[in-house]
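Survey of secondary and tertiary structure
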Amino acid sequence: MQEFTDVRGLIIDMDGVLWHGDRPQIGIVEFFQTLRDKNLPFVLATNNASMTAAQYVAKLAGMGVDVDFQEILTSGMATALYLAQRYQPQATRVFVIGGIGARQPLLDLGFTLTGLYETEPETRAQLVVCGMDRELSWDKLATATLNLRAGAHFIGTNGDMSLPTERGETHGNGAILAALTATTGIKPMIIGKPEPIIYRQALGLLNTPPEQTIAIGDRLDTDILGAVRTGIRSLMVLSGVSSQTDVDAADFGPTWIVPDIRDITRMLLDLPA
């Protein structure tokens, strides 16, 4: 195992690393206090697009942790930024499956969001964006399907097939994407991990070199694979989705593996000042 050195920035996943649902991981306050004491910049980069940055800030505050808005990067935010760099927001209509975390970043950048069954040529969407939606309905799936069949481009905020919660592991956004692909034959472009797009955006926010930046996550197939594809080192915690058995069976893996964030805190404390 490599020595844990030369760390100048961290890209940290949230679900499964910092909490399960609304239950914080033991040691979360000490972990963030150590980051502050060490003056280590970080971005909390999550594939979960169900909440806004402000909601994540509030959730962490409820767990005793203070973070700034600019330290949050959701796949919903990453999707909006990516699309704004490739389309003219004021001239582009988007149909969104997803909650406020997928919708608000698009609105903030000037995109027009279309409603249910707005599928006539003059009103239909040029883009269909799909994020985790706890209020998913037949009508939403039908509207997305009609827009996709009419030529809209298909974008997934993330492709996670499952989501760790305090009740256990449940379905994720990937299951919704799979349903739409099954009915249209169209595969989405994925913005979140394991694609490197969101990691590259996080590196830009940190302004740290890739070789001095570490990604922390709990999922081998998203957090860790995304780090591998981006060319940065990674640290996997066993407190979330993936296990040591998963790592042993894969042809890629993290740079380090630890049980949970308490172990990361100890590693950070050993870093030279």
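Residues numbered from 1 in each chain as written. Predicted model: local features only at pLDDT ≥ 70, side-chain atom pairs only at ≥ 80, totals over all residues. Heavy atoms only, no water.

Heads up, the rule is: UniProt positions are given in the numbering used here, feature names are shortened, and annotations may be inferred rather than shown by experiment.
The name that an unreviewed UniProt entry assigns to the chain is HAD-IIA family hydrolase, with the source organism given as Methylomonas aurea. For the chain, the Sequence similarities (unreviewed entry) comment in UniProt is given as "Belongs to the HAD-like hydrolase superfamily."

**What to know about the overall build of the chain**
The criterion, for reference: Helix numbering and strand numbering both begin at the N terminus, where a helix is a DSSP run of H or I of at least 4 residues and a strand a DSSP run of E of at least 2. Buried residues are those whose accessible area, probed at 1.4 Å on protein chains only, stays under 20% of the maximum for their type, while exposed residues exceed 50% and partly exposed ones sit between those limits. Residues are treated as being in contact if the distance between any of their heavy atoms lies within 4.5 Å. All accessible-area figures derive from a Shrake-Rupley calculation using a 1.4 Å probe, and residue coverage is judged against the displayed protein chains alone. For this count, His and the chain ends are skipped, Lys and Arg are scored as positive, and Asp and Glu as negative. The location of each charge is read from NZ of Lys, CZ of Arg, CG of Asp or CD of Glu.
A count of helical and extended segments in the chain gives ten helices and 15 strands. Expressed as lengths along the three principal axes of its C-alpha atoms, the size of the chain is roughly 60 × 35 × 35 Å. Residue burial in the chain is summarised as follows: out of 273 residues, 55% are buried. For the chain, long-range pairs separated by at least 24 residues make up 68% of all intrachain contacts whose partners lie at least 6 apart in sequence. Surface summary for the chain: the accessible area is close to 12000 Å², and the carbon and sulfur share equals 52%. Of the charged side chains in the chain, 21 are positive and 31 negative, and the gap between their average positions amounts to 4 Å.

**Observations concerning the nonpolar core**
The criterion, for reference: Nonpolar cores were defined as sets of buried Ala, Val, Leu, Ile, Met, Phe, Trp, Tyr and Cys residues, with membership established by side-chain atoms within 4.5 Å.
Ranked by size, the top nonpolar core spans 34 residues in total, and within it Leu18 and Phe32 carry the most contacts. Looking at this core, the elements with two or more residues in it are β1 (9-12), α1 (28-37), β4 (42-46), α2 (53-62), β13 (213-217), β14 (233-237), β15 (256-258) and α10 (261-269). Contacts of Leu18, omitting those with residues within four sequence positions, involve Ile12, Asp13, Pro24, Gln25, Ile28, Phe31, Phe32, Leu44 and Leu60. By size, the runner-up hydrophobic cluster in this structure holds 27 residues, among which are Val94, Val96, Ala102 and Leu203.

**Topic: a nonpolar patch on the surface**
Our working rule: Excluding any residue in a salt bridge, patches collect residues exceeding 30% relative accessible area, merging like charges within 9 Å and nonpolar Val, Leu, Ile, Met, Phe, Trp and Tyr side chains within 5 Å. Within this document, salt bridges are pairs made up of a side-chain nitrogen of Lys or Arg and a carboxyl oxygen of Asp or Glu, the two lying within 4 Å of each other.
Side chains of Leu116, Tyr117, Trp138 and Leu146 sit close together on the surface and give an oily, nonpolar patch of about 480 Å² of accessible area. Looking at the secondary structure, you find Tyr117 in the loop between β7 (112-113) and β8 (127-130). Exposure remark for Tyr117: the relative accessible area of 40% places this residue in the partly exposed category.

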